[in-house]
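Analysis of the macromolecular model
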Amino acid sequence: KQYCQTIQHAYQVGGSLQSVENYIGGLGTPLDRDRMLAMQNCMDDFEEASYYGQGVPITGPSTRPQMKGLRNLIATNKTTTPTNAAAYKPSDLVRDTIQKCFDGGGNPNFMLVSTDFLTGFAIWGHAVQRLEAGASVFGTPIDLFEVPFLSGISLVPAPLLRPGTAICLSGPEVRVRLKRPLLEKPRGSRGDAIEGDFIMEGAIELDNEAHHAWVNGITAFAAS
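One structure accompanies this document, and this report is about it. (Residues numbered from 1 in each chain as written. Predicted model: local features only at pLDDT ≥ 70, side-chain atom pairs only at ≥ 80, totals over all residues. Heavy atoms only, no water.)

1. Quick notes on the overall build of the chain
- For the chain, the count of helices and strands is 5 helices and 12 strands.
- Taken along the three principal axes of its C-alpha coordinates, the chain extends 65 × 45 × 30 Å.
- Within the chain, the fraction of its 224 residues that count as buried is 38%.
- Long-range contacts, defined as pairs at least 24 residues apart, comprise 70% of the intrachain contacts of the chain with a sequence gap of at least 6.
- Approximately 11,600 Å² of the chain is accessible, and the part contributed by carbon and sulfur atoms is 52%.
- Computing the positive centroid from 19 side-chain charges and the negative centroid from 23, the chain places the two 7 Å apart. (Helix = DSSP H or I, 4+ residues; strand = E, 2+ residues; numbered from the N terminus. Buried < 20%, exposed > 50% of the residue type's maximum accessible area, 1.4 Å probe, protein only. Contact = heavy atoms within 4.5 Å. Areas by Shrake-Rupley, 256 points an atom, 1.4 Å probe, with all protein chains shown as cover. Lys, Arg positive; Asp, Glu negative; His and termini not counted. Charge placed at Lys NZ, Arg CZ, Asp CG, Glu CD.)

Written out as structure tokens, the structure reads:
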């Protein structure tokens, strides 16, 4: 079971602050800044819920549903106390992620890793090669990497993943399903304040959970 989660961030800027010149170096107004922060917070909350969402159903009129994140959707191949967690090697990563996906019938081609894995690859002696993957909808370059010993597996460092975490996915079987795409709903003015909300609703969808793998709890890396 999966549940759609609503994420909402409000913004409000008073007229006195809005009238201040050069609030952020002349590049925008306080309202512009707060609107962008609200939009970014919505995206960050949705991404983090996609990883760690607890999965809360509607149990009454005052309950807001929360999606299940990948940590809860992946059950068969979830490793939370990995062997050699304090001296984690490339073979351990393959064992806990890629091999388990293949053993479960999957065809993994994508891996999300916490940013400390970049240090791990350096310790392992494997050069990380950056590939051109375009930019996000916000114009931010997408970081996509490959390493030699993970042939055919694309790597994306995910800053919102907790340290020591890797998620191996069979790409065609995982997707974001949006019930309400991110939208802005201005409330208008109340007194001397300009108010509004950014709202989105949706959930992460995972087919054949045995085709994917999750590992966390890695505390240090060691060379082979």
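2. With respect to the pairing of strand E8 (residues 154–157)
- Here E8 shows no split at all, with Ser154 and Val156 on one side and Leu155 and Pro157 on the other all buried.
- Relative to E8, strand E5 (residues 110–113) runs parallel, the two being bridged by 4 bridges. Looking at the pairing, Val113 lines up with Pro157 of E8. (Pairing = 2+ DSSP bridges.)

3. A closer look at the packing of aromatic side chains
- In the structure shown here, the tally under the stated rule is 8 aromatic pairs.
- Taking 6.1 Å as the distance between ring centres and 50° as the angle between the ring planes, the aromatic pair formed by Tyr11 and Phe198 counts as tilted. Separated by 187 residues along the polypeptide, Tyr11 in strand E1 (residues 5–14) and Phe198 in strand E11 (residues 193–206) bring together distant segments of the chain.
- Note on Trp124 and Phe221: the rings are 5.5 Å apart at their centroids and 80° apart in plane angle, and the pair reads as edge-to-face. Linking Trp124 in helix H5 (residues 117–124) with Phe221 in the segment after strand E12 (213–215), this pair joins segments that are 97 residues apart in sequence.
- We classify Trp124 as buried; its relative accessible area is 7%.
- A cation over a ring is seen here: Arg162 above Tyr52, with NZ or CZ 3.8 Å from the ring centre. (Phe/Tyr/Trp six-rings, centres within 6.5 Å; stacked < 30°, edge-to-face > 60°. Lys NZ or Arg CZ within 6 Å of the ring centre and 35° of its normal.)

4. A few points about helix H4 (residues 90–103)
- If you check H4, its first and last C-alpha atoms are 18 Å apart, about what 14 residues at 1.5 Å a residue would give, namely 20 Å.
- Taken as a whole, H4 carries its principal kink of about 35° at Asp96.
- Residues Pro90, Asp92, Leu93, Asp96, Thr97, Ile98 and Cys101 constitute the buried set of H4.
- Tucked into the core, H4 has its buried residues touching strand E4 (78–79), E5, H5, strand E9 (166–169) and E12.
- Looking at the residues trailing H4, positive phi occurs at Gly105, about 100°. (Expected span 1.5 Å × (residues − 1). Bend = angle between axes of the 7 residues up to and from the residue.)

5. Thoughts on the nonpolar core
- Counting 29 residues, the largest nonpolar core has Tyr51, Leu70, Leu112, Leu161, Ile167 and Trp214 as its most contacted members.
- Among the secondary structure elements, those contributing two or more residues to this core are E1, helix H2 (30–52), helix H3 (70–73), E9 and E11.
- A per-element tally of this core places H2 first, with 8 residues.
- Sequence-distant contacts of Leu161, defined by excluding residues within four places in its chain, comprise Tyr51, Tyr52, Leu112, Val113, Ser114, Ile167 and Trp214.
- Residues Leu93, Val113, Phe117 and Val147 belong to the second largest nonpolar core, which totals 20 residues. (Core = buried A, V, L, I, M, F, W, Y, C linked by side-chain atoms within 4.5 Å.)

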